[in-house]
Amino acid sequence: MSLLWLRVAVLLYGIAALAVLPAALYNRPRWRHIAVPAALAAAFFHFVSLAETFYAAHRALPVGSHETLSVLALLLAVAFLLLAARYRTVAFGIFLLPIAVLLTLVPAFHAGRETLAYPLAGPAWIFLHVALLLAAYAALLISLLASVLYLIQERSLKSKQTGPSRFRLPPLETIDQIALRSLLLGLPCMTAGLLIGSVVALETTGPAFFADPKVLLSLAMWAAYCLMIFIRQHSGLRGRRAVYLSSFAFVFVLAVWAANQLSAVHRFTAP
Amino acid sequence: VTSNLKPATLLLVGVNHTTAPVDVRERLAISPARLADATRTLAHQPGIREALILSTCNRVEFLVSHDDEQQAPTETLPHFLHDYFAVSPDSLTPHLYEFREREAVRHLFRVASSLDSMVVGEPQILGQVKQSWNVAREVGAIGSSAASASSLDPLLQRAFSVAKRVRSETQIGSSSVSIASVAVDLARKIFGSLSGKTVLIVGAGKMADLAARHLIQQGAKTLLVSNRTELRAQTIADALRTPAITTGVIPFDQLHAESHRADIVITSTGASSSGEPQVFTPHQAREILQRRRNRPMFFIDIAVPRDVDPAVNKVEGCFVYDIDDLQQVAAQNQASRGLEAQAAETIVSREVDRYHQRLGSAPAVEAIKQLQLSAEALRQQELARTAARLSAEPLTPAQQAAVDALTRSLTAKLLHPQLTALRTPPDPAEPD
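None of these values were measured; they are calculated from a predicted model. (Residues numbered from 1 in each chain as written. Chains lettered and ligands numbered in written order. Predicted model: local features only at pLDDT ≥ 70, side-chain atom pairs only at ≥ 80, totals over all residues. Heavy atoms only, no water.)

Concerning the sheet that holds strand β1 (residues 9-16) of chain B
Residues and elements named next belong to chain B.
Line of reasoning, step 1. The four strands are arranged β2-β3-β1-β4 in an open sheet whose pairing can be described as antiparallel. Edge strands, defined here as strands with exactly one partner in the open sheet, are β2 (48-55) and β4 (97-100). The mean inter-strand angle of the sheet, taken between neighbouring strand axes irrespective of direction, is 15°.
Line of reasoning, step 2. Pairing of β1 with strand β3 (residues 59-66), which is carried by eight bridges, proceeds in the antiparallel orientation. Counted as the bridge partner of Leu 11 is Val 64 from β3. (Pairing = 2+ DSSP bridges. Helix = DSSP H or I, 4+ residues; strand = E, 2+ residues; numbered from the N terminus. Axes fitted to C-alpha atoms, helices over the stretch in contact; angles between N-to-C directions.)

This is the structure:
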């Protein structure tokens with residue numbers, strides 16, 4: 001049943017992703033009225049699907065890449081809805097909704113068979129660790145997208161091609177606010193997520209856990225994240241350089257993700 | 001069954017900016033204070049059932065409905081214009097346009113949707129039509145469609161919804177077409193809300209003054225003025241000061257040191273015409289931006305020759321629009337409104353068709369209603385008469401329901417051919 005709800009969610013994400021194009025590119029309110037409710041319904045079915053999956057498996061955390069990506073997709077869809085409600089913009093949907101479709105497509109049609117290799121200590125803490133880190137990744141992705149949108153809007157204003165048929169983006173200051181606020185929201189999530197993970201790892205694996213490439217890269221990612229916020233706050237960095245900086249931090253996220261394959265200790269799925 | 005709804009004939013007569021020069025329009029113009037009296041007077045002219053007067057800067061129009069197509073208004077209206085405005089019919093006739101029936105409906109829809117305006121898509125006209133409608137209703141020149149057989153009331157309400165549809169389904173009014181409002185739009189694209197923003201005027205000039213006033217209207221809270229003559233700067237600041245606005249003067253020699261306080265700079269000194277360097281160069285812009293911690297800055301350069309070096313636009317965070325750029329954006333917006341107007345015309349045409357379709361079916365609807373009411377009255381009458389004969393005892397609820405259903409079914413079957421005939425639209429090829 002959970003797979004059916006997930007497929008419904010994918011379909012609705014697809015509809016929302018298509019409807020958001022005329023809504024954001026040509027400022028057509030009718031399409032906005034399709035995109036936002038479709039995304040809202042998709043997020044609802046997606047949540048139901050995940051809740052059913054976790055309930056059936058008697059665990060409260062995603063196992064394996066399929067489930068993790070699916071949770072990340074839900075967070076991105078929720079972020080799109082929050083941005084649409086708070087800032088009256090659907091422009092972020094141009095990127096976020098197709099990403100949500102891609103991230104849910106594989107789990108919806110090729111369900112993962114992974115199970116936990118062994119019962120984890122303190123499942124509530126582990127759940128928090130995973131949820132907070134995924135929220136931090138989502139925040140970083142939104143910040144990167146906001147920086148890209150800032151660049152597009154800046155170029156459009158500088159080229160003086162601001163005719164009515166042009167791409168309708170939020171004002172520069174709003175985009176900048178979104179970029180900075182998402183980073184500021186992501187930092188405590190990442191810090192708390194890493195701290196919880198470290199404490200649990202110390203209790204279960206011991207200090208050897210910190211020699212793992214995945215863990216080392218995670219700490220480097222946190223340092224890059226802090227550095228990025230410091231530079232942005234200190235110098236008011238915007239535009240092209242902000243995109244470079246966000247991309248740099250995002251590369252760390254991808255590296256941390258890829259490092260799961262190399263990690264000896266940060267693997268919890270049964271072979 | 002006959003309908004008591006006799007459709008009124010529509011006539012619209014008027015002048016606008018395309019048919020009459022301003023000296024003709026001003027003679028017909030009616031101030032808001034006189035609108036009620038003029039509307040009442042027009043409505044009391046012989047043969048006129050309802051009346052509405054629309055008087056704006058660019059048009060004066062008289063919309064009337066009358067009982068008989070052969071009678072009055074074509075003669076009455078010129079007399080009214082002559083008597084009320086003391087304008088001779090001969091001097092007016094060449095400028096007047098006249099629309100009847102379907103064309104009058106189309107014209108009203110176009111006017112309300114701002115398709116007939118001097119600046120296509122301007123939003124004020126709908127409010128002006130609504131105001132005329134309110135006045136006409138207040139003085140009894142238009143009846144309420146619910147209470148009487150008014151033909152203007154539903155027509156005007158339809159015109160308002162057509163205008164709303166045009167606004168929501170096209171982008172006709174979404175872009176600015178004047179230089180000052182283009183500047184405000186651009187500022188919004190950079191800063192979002194202008195609430196709390198600081199505007200700096202460098203130099204003096206009507207256009208700069210107008211742009212500053214527009215920005216203040218949109219929420220800018222602080223206004224700084226800098227001029228070579230400090231007294232002149234103070235005069236400008238005083239003229240723009242309101243209780244809600246903080247104003248200040250920056251001495252011209254401290255302009256670069258203080259410019260970082262401003263989010264929007266409007267320049268109109270034309271300094272370089274007298275061989276002086278431009279007021280803002282890329283180097284200065286970089287310094288200013290650094291002091292602002294890279295917060296964006298918008299330069300509106302209205303001066304000719306320009307006050308701001310075009311290379312300042314290349315500095316990250318600085319946006320420079322000179323007078324040509326602003327005019328170009330305004331022209332793009334105007335062209336886009338033209339395209340949107342085509343889509344709006346299609347909507348208006350469809351709505352005119354739909355309105356006439358509804359108007360055509362109104363007598364049939366009334367006839368159907370009357371027929372059904374008569375049949376129901378007969379049924380109730382016969383039921384009451386027969387009930388006593390059916391049984392000495394009162395009928396049980398089940399028996400009553402059965403008899404009721406039987407009579408309803410019989411009535412419906414008997415009425416069916418007549419109702420079908422009434423619902424079928426008449427064949428235009430068939431002779432009366």
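Topic: the interface of chain B and chain A
Line of reasoning, step 1. Taken together, the contact between chain B and chain A spans 32 residues of the former and 27 residues of the latter.
Line of reasoning, step 2. Between chain B and chain A, roughly 2,400 Å² of surface is buried when both sides are summed, and carbon and sulfur atoms account for 40% of that area.
Line of reasoning, step 3. Where chain B packs against chain A, one counts four salt bridges.
Line of reasoning, step 4. For A:Glu173, the salt bridge identified is with B:Lys197, shortest N-O distance 3.2 Å.
Line of reasoning, step 5. Applying the counting criterion to the chain B and chain A interface returns 13 residue pairs in polar contact (both at pLDDT 80 or more).
Line of reasoning, step 6. Mapped onto the side of chain B that touches chain A, the elements with two or more residues apiece are α7 (152-169), α8 (179-191), β10 (318-322) and α13 (323-390) of chain B.
Line of reasoning, step 7. A per-element tally of the side of chain B that touches chain A places α13(B) first, with seven residues.
Line of reasoning, step 8. For the side of chain B that touches chain A, the class distribution of residues is ten nonpolar, twelve polar and ten charged. (Contact = heavy atoms within 4.5 Å. Buried area = accessible area lost by both parts, 1.4 Å probe. Salt bridge = Lys/Arg side-chain N within 4 Å of Asp/Glu carboxyl O. Polar contact = N/O pair within 3.5 Å; in protein donor to acceptor, adjacent residues only side chain to side chain. Nonpolar A, V, L, I, M, F, W, Y, C, P; charged D, E, K, R; others polar.)

A short note on the pairing of strand β9 (residues 297-301) of chain B
Residues and elements named next belong to chain B.
Line of reasoning, step 1. Among the five residues that make up β9, five are buried, leaving the element largely enclosed by the rest of the structure.
Line of reasoning, step 2. Because side chains alternate across β9, one face comprises the buried residues Met 297, Phe 299 and Asp 301, and the other comprises Phe 298 and Ile 300, equally buried.
Line of reasoning, step 3. As paired elements, strand β8 (residues 264-268) and β9 share four bridges and run parallel to each other. Within the sheet, the bridge partner assigned to Thr 267 lies in β9 and is Asp 301.
Line of reasoning, step 4. When β9 meets β10, the two strands line up parallel, connected through five bridges. (Buried < 20%, exposed > 50% of the residue type's maximum accessible area, 1.4 Å probe, protein only.)

A look at helix α2 (residues 32-43) of chain B
Residue and element names in this part refer to chain B.
Line of reasoning, step 1. Taking 1.5 Å as the rise per residue, α2 with twelve residues should run 16 Å; its terminal C-alpha atoms sit 17 Å apart, in good agreement.
Line of reasoning, step 2. Of all the positions in α2, only Leu 35, Ala 38, Thr 39, Leu 42 and Ala 43 are classed as buried. Mapping the buried residues of α2 onto a view down its axis gives an arc of 125°, with all of them on the same face. (Expected span 1.5 Å × (residues − 1). Arc of directions from axis to C-beta.)

Some points on unusual backbone geometry
Peptide bonds are, in most cases, trans, and in most cases residues other than glycine have a negative phi.
Residue and element names in this part refer to chain B.
Line of reasoning, step 1. Following Val 304, the chain continues to Pro 305 via a peptide bond in cis, the omega torsion being -5°.
Line of reasoning, step 2. Mapped onto the secondary structure, Pro 305 falls in the loop between β9 and β10.
Line of reasoning, step 3. Located in the positive-phi region is Ser 114, a residue other than glycine, with phi close to 65°.
Line of reasoning, step 4. Mapped onto the elements of the fold, Ser 114 is located in the loop between α5 (101-112) and α6 (124-138).
Line of reasoning, step 5. The residue Asn 294 is not glycine, and still its phi comes out positive at about 65°.
Line of reasoning, step 6. Its location among the elements puts Asn 294 in the loop between α12 (282-291) and β9.

Geometric descriptors of this kind do not, in isolation, establish any biological role.
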